[in-house]
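# A closer look at the structure
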Amino acid sequence: MVKKIYIFLFVLTLVFSNCFKEKPSQYDGVLTLIIYSEFEGKIIPFVPVTLETNDYNISTVAGITDSSGMVIFNDLPWAYYQVSGKSTIIAPSPHDSTKMDTFSVNGSEFISIDEDNLKIDTLNLIVSGAEPGLKINELYIGGAPCHSYWYDQYFELYNSSEDTVYLDGIVICRMGKMLANITYIFQFPGEPLTGKEYPVPPDSFVVLAIDAYDHTEYCSESIDLSNADWEFRNSMDYGDFDNPDVPNIENIEVGHHLDFLPSLGSDVILIADGSDVDYLDGMDIESVIDCVEYSSKPEHIKEIESELDRGFAGVGKEKYSGQSLERIAPGFDTNNSTLDFEIIPHPTPGYQHE
Ligand SMILES: [Ca+2]
Ligand SMILES: [Ca+2]
Ligand SMILES: [Ca+2]
Ligand SMILES: [Ca+2]
């Protein structure tokens, strides 16, 4: 509390000492920035922080947050700044909460300045690898509210980056224990990494149905997936439905005869760039684009590496309830599905819940 009062007084002093100044019209040392470094709502001390701007020809300004997670930059030119930080943190292991794990974290945001000469902002750090891009945005896997009807499962992808991304050659997998163990592996057509046949523009959704038909014909409270963007297909599974108007994500695992069948209760779903197709030795972590673990049970023991997902989504979700799992905002990803996802009452194929 004492510390908070000191900071408050310090801030007041700055505000009053600056309040009669005019907004400067050129390069001038008038701006003070106070940055706090946080990870999952907790203050993280001793994080190296840099400020960069394109507004003037000035070099990067560097600092480090103190033991209270705060760094002050004084006498800055009036400009728009990008604040960035990178560090490693030690936090309880998602695999065993009695042990500690080390994580690489980073964060980057733009500081919006206005008339004030003092700006206070928080740099929210995320586990490395959770930068914008193609995300698994929704997993509708728990079954429709009809007796044992789960054939209407689908995933939804979302492009949270500012660039068009391409689905060409991307693989989508169910994972067993850790990255060493892939249990299902399907692939989009096209050339991995270089192909540009299947674009996903920024801020758009892609629906991947297990079977792209109108499921309301069999369960009135289910959904019509006949217009899905893609459908999973195993040509070795002769009973697997194939909508001729919906392109297929094909099984590529030799000797595998089943459709893509996500578990209703707990599973790990992963998308990777397709550069690693030697699936017998597991999945190369460098090739992973996004990965989500879910489980309806709170006592669930995590399956996947914590670099990919520190938590798991879906605690309390009930089977055959028509509930779905969706990110709290489109593409919102901190690589902790406990925080990133919520249970929604109805599936939202191709759009975000309210
Ligand atoms: Ca299918
Ligand atoms: Ca098809
Ligand atoms: Ca992620
Ligand atoms: Ca959705």
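Residues numbered from 1 in each chain as written. Chains lettered and ligands numbered in written order. Predicted model: local features only at pLDDT ≥ 70, side-chain atom pairs only at ≥ 80, totals over all residues. Heavy atoms only, no water.

### Quick notes on the coordination of the calcium ion (ligand 3)
How we decide: Listed donors are limited to N, O and S atoms within 2.8 Å of the metal, widened to 3.2 Å for Na, K and Ca; water is not among them, so incomplete-looking sites are possible. Each residue is assigned to one of three classes by its accessible area relative to the maximum for its type, calculated with a 1.4 Å probe on protein chains only: buried under 20%, partly exposed between the two thresholds, exposed over 50%.
Within the first shell, the calcium ion (ligand 3) binds the protein through Asp290 (OD), Asp333 (OD), Asp333 (OD) and Asn335 (OD1), at distances of 2.2 to 2.9 Å. Judged by relative accessible area, asparagine 335 falls into the buried class, the value being 5%.

### Topic: the coordination of the calcium ion (ligand 1)
Where we set the bar: Only DSSP runs of H or I reaching four residues or more are called helices, and only runs of E reaching two or more are called strands; each is numbered from the N terminus.
Here the calcium ion (ligand 1) is held by Ile210 (O), Asp211 (OD), Phe232 (O), Asp240 (OD), Asp240 (OD), Asp259 (OD) and Asp259 (OD), and the distances to it run 2.3 to 3.0 Å. Read N to C, the donor residues that coordinate the calcium ion (ligand 1) are spaced as I-D-x20-F-x7-D-x18-D. Of the two residues, aspartate 211 is situated in the loop between strand S15 (205-209) and strand S16 (230-233) and aspartate 240 in the loop between S16 and strand S17 (248-251); the sequence distance between them amounts to 29 residues. Residue aspartate 211 is classed as buried on the basis of its relative accessible area of 10%.

### Considering the side chain of asparagine 234
Threshold: Definition of a polar contact: a pair of N or O atoms within 3.5 Å, with one able to donate and the other able to accept a hydrogen when the atoms are protein atoms, and with sequence-neighbouring residues admitted only if both atoms are side-chain atoms.
Mapped onto the secondary structure, asparagine 234 falls in the loop between S16 and S17. From its side chain, asparagine 234 meets the backbone oxygen of leucine 258 in a polar contact 2.7 Å long.

### Re the nonpolar core
Here is the rule: Nonpolar core, defined: a set of buried Ala, Val, Leu, Ile, Met, Phe, Trp, Tyr and Cys residues in which side-chain atoms within 4.5 Å join the residues together. In what follows, residue pairs with any heavy atoms lying within 4.5 Å of each other are defined as contacts.
Grouped together as the largest cluster of nonpolar side chains are 28 residues, with contacts concentrated most on Leu139, Phe155, Ile172 and Leu208. Only strand S9 (134-140), strand S10 (154-159), strand S13 (182-187), S15, S16, strand S18 (266-272) and strand S19 (288-295) provide two or more residues apiece to this core. Looking at this core element by element, the count peaks at three residues for S9. Those residues in contact with isoleucine 172, other than ones at most four positions away along the chain, are Phe155, Tyr184, Ile185, Phe186, Leu208, Phe232, Ile249, Phe260, Ile269, Leu270 and Ile271.

### Quick notes on the domain arrangement of the protein chain
Filter applied, for reference: Source of the domain bounds: an automatic or database domain assignment. Accessible area, probed at 1.4 Å, shrinks when two parts are joined; the buried area is that loss added up over both. By definition here, a salt bridge exists when the distance from a side-chain nitrogen of Lys or Arg to a carboxyl oxygen of Asp or Glu is within 4 Å. All residues other than Ala, Val, Leu, Ile, Met, Phe, Trp, Tyr, Cys, Pro, Asp, Glu, Lys and Arg, Gly among them, are scored as polar; the first ten of these are nonpolar and the last four charged.
The assigned domain composition of the protein chain is domain 1 (2-127) and domain 2 (134-344). Taking only C-alpha atoms into account, the centre of domain 1 sits 37 Å from that of domain 2. When the two sides are added together, the surface that domain 1 and domain 2 hide from each other amounts to roughly 870 Å², 56% of it contributed by carbon and sulfur. Applying the counting rule to domain 1 against domain 2 returns one salt bridge. With a shortest N-O distance of 3.1 Å, arginine 310 and glutamate 40 are connected by a salt bridge. The interface formed by domain 1 and domain 2 contains two residue pairs in polar contact (both at pLDDT 80 or more). Partitioned by chemical class, the residues of the side of domain 1 that touches domain 2 number seven nonpolar, one polar and two charged.

### What to know about the pairing of S9
Residues in a regular strand point their side chains to alternate faces of the sheet. We apply this condition: One bridge is not enough; two strands pair if DSSP finds at least two bridges between them.
Most of S9 is tucked away: seven of the seven residues are buried. The pairing of S9 with S10 spans six bridges and is antiparallel. Its bridge partner lying in S10, lysine 135 is registered against tyrosine 158. Relative to strand S20 (residues 324-327), S9 is paired through two bridges, and the arrangement is antiparallel. Looking at the pairing, glutamate 138 lines up with glutamate 326 of S20.

### Notes on the sheet that holds S16
The test is simple: Axis definition: a line fit to C-alpha positions, over the contact stretch in the case of helices; interaxial angles, taken between N-to-C directions, run 0 to 180 degrees.
Spatially, eleven strands are ordered S19-S18-S12-S13-S17-S16-S15-S10-S9-S20-S21 in an open sheet, and the strand pairing comes out mixed. Lying at the two open borders of the sheet, with one neighbouring strand each, are S19 and strand S21 (341-344). Averaged over all adjacent pairs, the angle separating strand axes in this sheet is 25°, with direction ignored. Sheet analysis places S16 next to S17, joined by three bridges and oriented parallel. Paired with phenylalanine 232 across the bridge in S17 is isoleucine 249.

### Here's the deal with unusual backbone geometry
Of all residues except glycine, most have a negative phi; of all peptide bonds, most are trans. One non-glycine residue, aspartate 75, adopts positive backbone phi at about 55°. Tracing the backbone shows aspartate 75 in strand S5 (residues 70-77). Phi is positive for asparagine 335, which is not a glycine, with a value near 60°.

### With respect to the state of the cysteines
Applicable threshold: Cysteine sulfur pairs qualify as disulfides if the two atoms are within 2.5 Å.
Applying the stated criterion across every chain yields a total of one disulfide. Covalently, cysteine 146 is tied to cysteine 219 through a disulfide, its sulfur atoms 2.0 Å apart. On the S-S bond that ties cysteine 146 to cysteine 219, the torsion sits near 85°, and the link is right-handed. Within this pair, whereas cysteine 146 is found in the loop between S9 and S10, its partner cysteine 219 is found in the loop between S15 and S16, the two being separated by 73 residues in sequence. Unpaired in this structure, cysteine 291 has its nearest cysteine sulfur neighbour in cysteine 173, at a distance of 9.4 Å. Cysteine 291 sits in the buried class, given a relative accessible area of 3%.

### Some details on a negative patch on the surface
As a reminder of what qualifies: Grouping into patches uses exposed residues only, defined as over 30% relative accessible area, and leaves out salt-bridged ones; the cut-off is 9 Å for like charges and 5 Å for nonpolar side chains (Val, Leu, Ile, Met, Phe, Trp, Tyr). Shrake-Rupley sampling with a 1.4 Å probe provides the accessible areas, and residues are treated as covered by the protein chains on show and by no other component. Positive charge is attributed to Lys and Arg, negative charge to Asp and Glu, and no charge count is given to His or to the chain ends. A charge is said to be at NZ when it belongs to Lys, at CZ for Arg, at CG for Asp and at CD for Glu.
Together, Asp278, Asp281, Asp284 and Glu286 make up a region of like negative charge exposed at the surface. Residue position: aspartate 281 is located in the loop between S18 and S19.

### With respect to the layout of surface pockets
To keep things clear, this is the line we draw: A cavity here means a set of 1 Å grid points, computed over protein atoms only, where a 1.4 Å probe fits but cannot escape. A pocket is an open set with protein on both sides within 12 Å along at least 5 of 7 lines, and lining residues have an atom within 4 Å of a point. Grid points are joined across faces, edges and corners, and a volume is the space filled by probe spheres set on the points.
Volume-wise, the largest pocket comes out at about 550 Å³. Put simply, the parts of the chain that give the lining of the largest pocket at least two residues each are strand S7 (100-111) and strand S8 (118-127). Top contributing element to the lining of the largest pocket by residue count: S7, with five residues. Looking at the lining of the largest pocket residue by residue, the class counts come to ten nonpolar, eight polar and five charged. Residues lining the lining of the largest pocket come from more than one domain, with at least three contributed by each of domain 1 (2-127) and domain 2 (134-344).

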